[in-house]
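Spelled out, the chains give:
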Amino acid sequence: MTNSYKDQLDPVKQPEEFVIAATQNVNMWAGYYSSAIIQARLMRNFTYVSAWTAAEKRERFNRPTLDFNNIQPIVRALLAEQREADPQLQLFSISGDVPQQQIEMREDLIRHISYQSNSKMVYQTGYKDAIDCGYGAWVVKHDYESPDSFNKKLMLRPIKDVLACFWAPDAEHPNKTDAMFSGYTITMSKKEFERRWPDSDIAGAASPMLNEVAQLTYDQADKVCYVTEYYYKEFYNKTVFLLENGKSYTKDEYEKYSKKMKKLRKKLLALKPILNPQDYQKIIDTTEISPVIEKRTSTDFRIRCCLLTRTDVLETSEVPGKKMPLIYVEGFSTIIDGRQIPIPFAKAAVDPQRLLNYTGSTIAETLAKSRKEQYILTPTMIAGREQYWRDTSNIQGALVANPDPMVPGALPVPQQAAPFNGALSQVYVQCQNDVRATTGRFAENAGAEGSAESGLAVLQKQASGNLTVGIYPDNLLDAIAETGRVLVGMMPETYDNDRMITLKGKGGDSYTARINYKSDMPTFNPDTFEDEYETINDFSAGEFDVEVVAGASFAAQQMQQQQMIEAAFSASQSPLFNNFSDLYFENMNAPNKNEFVKRAKNFLVDPAIIAMDKGEQPPPPPEPSPLQKVQMMSELMQSFADLKDAEAKLNQIKVDNLSTVGDIITESMKLKSQQTSDRASEIASAAEIVKALSESEAKKVESASRIARSIIDTENANLRAENDEYKGVLASLFSIQE
């Protein structure tokens, strides 16, 4: 299919020409990536089937061809580390004007899509292909929620075999979501094909459009059919208008805008009799259609999908969004002469692994030969007893020999076996080290004892290994982030009606929310002079970008979790820790951190704080338990006993202390009297100042005087009350003494 929108073909009106053009595009990729596809197939066979080719086995006829596969455990370890990682997609508004609640709702929808799609398995499959072949893939699909529903949903699907995928060779984006075309070959049984497309020619599905796929399932050619899921860009022209008011519209949008303004103008002009001239002129100015000052023709595109065989177009549909849904997952690659060359993870380890297999097979062969004794003898000596002498490892009482008249008195002479060459063991160990060195995964990365002696050296060796292979998980995260952008771009056209959707929060709890529904209360729009109903949870509003946050590997998470728990118990001595404990554990990045958060909220954090975070009223204090009530009563009884004890001690005060108490009371009364006198002096001084005020302040002066007199009376009353109290204390003390 040509990249020019002017010459593009219609799959419905021109199915034969469309299939021919699509086949040419598909095999354009096969020519561009043929060496990579062949290399990927060989690497898979080398890593998972046998490192010995058929030719090598024929050359070593009757000699050992053993596999000492050191690559496969390393690959499995990488896959296990990725399996325990927990990448999370985070959205943010490009314009910055989208409420956080709307951002979180889309994040929760992506989390639900990931959960329903078993995204861990999807990512694991793509990552494994990226390691094995140098590149992997998965696809974002959209379909109806059920056979009885018109609501659509998004989902992630793994690609069974990445070698059956294709993209336009001129794609610029690392994940090839900007490709002019892309797709993959689906292998299905003939019965399934006939069920889905009974009117189609099954002969056209006997071989795949992508020639390389035929080599993968050649032995099932009479049982399967091949259908190509083909995505492509369909281009179209559109006219864009720039208005005098600075707004821009497409031709269709401008026509709708003009009709709306004319209708509104006509409606408002009917109000002329009841409007004053100023308001009437304002309406005329507001509803006037802004003139077009510039227009241009631009090219846009939509993404379409076709299911094809070599001879027929089976189905056509439109794909939401502006990005290709088939995600290319790069492992590692380089560019040579303008051609992208993917590099499998174990490619550099092929030669060390082959040498390891040769060395190990040679050691096995040497050991086998060293156990068989060799003899120098004549044929006459073993005539009739060849079966015993041919295999001397058979258990028997003796080896019987015949006398040879040609050699009187001679017997078979045993020969000493060649000693085992210990250098082979050293070569074997060196080959193992070479495999680790070329893959960048040392013994320390697997937790085994390596050449590093100190703890610091072990950590440095582990860090070096992680950095060497870090490009693969990093590229995986880039592909996951691009998948999030594809999902966000598809949402406005997929979730475009008033409906209930299921979401999944950060804590793993699912909930439902209503989207794209109108508010009950209208809002007046001054630009259109009309009441408009706001769309709540509008999934067509806003522009978003995505970033991915990756969790640590399982081993690192376990170590980090242990350290953070120890730090938590140390911090728990602080009174502030309890109310911040849930936030502490949320940042722990451990596999079971949600359980820590849950227990912290249940047992440590003040319920009032949790309610405040949710925007709710704090709960009432809990009713004390029976045990707590008993404890409180016990404490109250103890306090009463302490009070009685203190009263008894007071009754034991000696008479000689009464004079001291009396002196204290007397001094206190003198001090109070002096304070009252000083207060009176201050008030008198204030009165002198008041006399100097103007007549206009007379009323204020009178009020101030009344307040001052009230203060004096209050102070005198307090002093008299205190004097009476002191006298009462003295009287009681004397009565106690008596």
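Note that the coordinates shown come from a computational prediction; the quantities given were computed from them, not determined experimentally. (Residues numbered from 1 in each chain as written. Predicted model: local features only at pLDDT ≥ 70, side-chain atom pairs only at ≥ 80, totals over all residues. Heavy atoms only, no water.)

**Here we look at the overall build of the protein chain**
And step 1. Counting its regular elements, the protein chain contains 20 helices and 21 strands.
And step 2. Within the protein chain, the proportion of its 738 residues that are buried is 35%.
And step 3. Counting contacts in the protein chain only where the partners sit at least 6 residues apart, residues at least 24 apart contribute 69% of the total.
And step 4. Just so you have it, the protein chain exposes about 44,800 Å², and 54% of that area is on carbon and sulfur atoms. (Helix = DSSP H or I, 4+ residues; strand = E, 2+ residues; numbered from the N terminus. Buried < 20%, exposed > 50% of the residue type's maximum accessible area, 1.4 Å probe, protein only. Contact = heavy atoms within 4.5 Å. Areas by Shrake-Rupley, 256 points an atom, 1.4 Å probe, with all protein chains shown as cover.)

**Section: the sheet that holds strand β3 (residues 152–158)**
And step 1. Across the sheet, which stays open at both edges, the three strands sit in the order β3-β2-β10 with antiparallel pairing between neighbours. Only two strands of the sheet have a single partner each, and these edge strands are β3 and β10 (326–330). Averaged over all pairs of adjacent strands, the angle between strand axes in this sheet comes to 20 degrees, irrespective of strand direction.
And step 2. In this structure, strand β2 (residues 135–144) lies alongside β10, joined through five bridges in antiparallel fashion. When the sheet's bridge partners are listed, G136 is paired in β10 with V329. (Pairing = 2+ DSSP bridges. Axes fitted to C-alpha atoms, helices over the stretch in contact; angles between N-to-C directions.)

**Re the pattern of salt bridges**
And step 1. Overall, the coordinates contain 18 salt bridges when judged by the stated rule.
And step 2. For R304, the salt bridge is made with E234, and the minimal N-O distance between the two is 3.8 Å. Here the residue R304 occupies a position in strand β8 (residues 292–308), and E234 occupies one in strand β6 (residues 224–243), the gap between them amounting to 70 residues. Residue R304 shares its accessibility class with E234, and that shared class is buried. (Salt bridge = Lys/Arg side-chain N within 4 Å of Asp/Glu carboxyl O.)

**A look at the pairing of strand β12 (residues 339–342)**
And step 1. The two faces of β12 differ: Q340 and P342 on one face are buried, but R339 and I341 on the other face are not.
And step 2. When strand β11 (residues 333–336) meets β12, the two strands line up antiparallel, connected through four bridges. Across the sheet, residue I335 finds its bridge partner in β12, namely Q340.
And step 3. Two successive antiparallel strands, β11 and β12, enclose a turn made up of two residues, where D337 displays a positive phi of approximately 55 degrees.

**Thoughts on the pairing of strand β16 (residues 510–515)**
A regular strand carries its side chains on alternate faces of the sheet.
And step 1. Of the strand pairs in this sheet, strand β15 (residues 499–504) and β16 are connected by six bridges, and their pairing is antiparallel. Following the sheet pairing, I501 is matched in β16 by A513.
And step 2. Remark: five residues form the turn of the hairpin made by β15 and β16, two consecutive strands paired antiparallel; G508 in that turn has positive phi of roughly 95 degrees.

**Points about the nonpolar core**
And step 1. W138, Y230, L308 and Y495 are the most contacted members of the largest nonpolar core, which has 93 residues in total.
And step 2. For this core, the element with the most residues is helix α1 (residues 15–48), which contributes 13 residues.
And step 3. Setting aside residues up to four positions removed in sequence, L308 forms contacts with F18, V19, A22, M209, Y226, V227, T228, Y230 and V313.
And step 4. By size, the runner-up hydrophobic cluster in this structure holds eight residues, among which are W197, A205, V227 and L314. (Core = buried A, V, L, I, M, F, W, Y, C linked by side-chain atoms within 4.5 Å.)

**A look at the confidence of the model for the protein chain**
And step 1. For the protein chain, mean pLDDT is 78; residues scoring 70 or higher make up 70% of the total.
And step 2. When the criterion is pLDDT under 50, residues 733–738 qualifies, and its contacts beyond four places in sequence or with other chains add up to eight contacts. (pLDDT = per-residue confidence, 0-100.)

**What to know about the environment of I186**
And step 1. As for its position among the elements, I186 is in strand β5 (residues 181–189).
And step 2. I186 sits 42 residues away from T228 along the chain, and the two C-alpha atoms are 5.9 Å apart.
And step 3. Each residue touching I186, except ones within four places of it in the same chain, is listed here: C225, Y226, V227 and E229.

**Side note on unusual backbone geometry**
And step 1. The backbone phi angle of N118 is positive, close to 55 degrees, even though this residue is not glycine.
And step 2. Mapped onto the secondary structure, N118 falls in the loop between α4 (100–116) and α5 (119–133).
And step 3. In this structure N118 comes out as partly exposed when scored by relative accessible area, which is 41%.
And step 4. The phi dihedral of D337 is positive, around 55 degrees, even though this residue is not glycine.
And step 5. Secondary-structure assignment places D337 in the loop between β11 and β12.
And step 6. Judged by relative accessible area, which is 82%, D337 ranks as exposed.

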